[in-house]
Amino acid sequence: MKWLHWGILPFFVWFLFADPDALRRAGKWVFRFHSVMGLIFVTLALAWTATYLRSGLASRPGPKLPCWARRVHRAMHVTLVWGLFLVAFGGFLLGLTSTVTLWAGGIIPIAPPMGWPKLNALVGDAHTYQFYLLAGLAAAHAGFHIWRHYHLRDNALRIMAPKAMHRWL
């Protein structure tokens, strides 16, 4: 689970700052790279969702958490997992409502294009806002675990951080 947790982070950062229109203007290979990044992000998001559906949440609240934080812990983690799935599903809907076939990484067709430009614009806006809301939740998630680690001193960061980082925690 650690590799999935930390592996998805660079893709989150990429999509926070990558502007598809600017990438298209930068050249075909740049936009293709962006598309490959999307394919990898979706693959990781779906793997995370499948892991959750198969095994449930990998994390447990911990004994030092107050009652309110236990509820927040579970709600936050479940929302992150389903949010990742819904962002991936939003990308599928973008391909489905498009007027042309969109290719994930230039390899896999996202969906058969139905040619609904107005709905595609609406789905595109919803997909964008959905991603940024999820990114905000991911930032709150990080803040929550930093608070746990330093305020409650329950070593929450050591649980998910790679061993190479433990000396700074």
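Everything that follows concerns the structure shown earlier in this document.
Sequence order as written defines the numbering, with residues in each chain counted from 1. Local features are withheld for residues below a pLDDT of 70 in this predicted model, meaning they are given only at 70 or higher, and side-chain atom pairs are given and counted only at 80 or more; totals for whole chains, interfaces and linings count all residues. No hydrogens and no water enter the side-chain calculation; it runs on all heavy atoms of the structure.

A. Highlighting the packing of helix H1 (residues 2-17) against helix H3 (residues 28-55). Where H1 meets H3, the closest approach of the two axes is 10 Å, and the angle between their N-to-C directions is 145°. H1 and H3 meet at a crossing whose hand is left-handed. On H3, the residues touching Trp-3, Leu-4, His-5, Gly-7, Ile-8, Phe-11, Phe-12, Trp-14 and Phe-15 of H1 are Phe-33, His-34, Met-37, Gly-38, Ile-40, Phe-41, Leu-44, Ala-45, Ala-47 and Trp-48. When the residues that make up the contact of H1 with H3 are grouped by side-chain class, the tally is 15 nonpolar, 4 polar and no charged. To obtain each axis, a line is fitted to C-alpha atoms, and for helices this fit is confined to the stretch in contact; angles are then taken between N-to-C directions over 0 to 180 degrees. Note on conventions: DSSP H or I runs of at least 4 residues are helices, E runs of at least 2 residues are strands, and numbering of each starts at the N terminus. Helix crossings get a hand from a simple test, with the near helix turned counterclockwise from the far one by less than a right angle marking a left-handed crossing and a clockwise turn marking a right-handed one. The contact criterion used throughout is that any non-hydrogen atoms of two residues lie within 4.5 Å. Side-chain classes follow a simple rule in which Ala, Val, Leu, Ile, Met, Phe, Trp, Tyr, Cys and Pro form the nonpolar group, Asp, Glu, Lys and Arg form the charged group, and the remainder, Gly included, forms the polar group.

B. Spatial organisation of the side chain of His-34. Position of His-34 among the secondary structure elements: in helix H3. A relative accessible area of 9% means that His-34 is categorised as buried. With a 1.4 Å probe rolled over the protein chains alone, any residue whose accessible area is under 20% of its type maximum counts as buried; one over 50% counts as exposed, and the rest are partly exposed.

C. Structural detail: the packing of H1 against helix H5 (residues 117-152). Contact pair H1 / H5: the axes reach a minimum separation of 11 Å and the direction vectors enclose 130°. As the angle between them shows, H1 and H5 are arranged oblique. In this structure, H1 meets H5 at a crossing whose hand is left-handed. Contacts between H1 and H5 involve His-5, Phe-12, Phe-15 and Leu-16 from the first element and Phe-131, Tyr-132, Leu-134, Ala-135, Ala-138 and His-141 from the second. Class assignment of the residues belonging to the contact of H1 with H5 gives a composition of 8 nonpolar, 2 polar and no charged. Each angle gets one of four labels, with under 35 degrees taken as roughly parallel, over 145 as roughly antiparallel, 65 to 115 as roughly perpendicular, and the rest as oblique.

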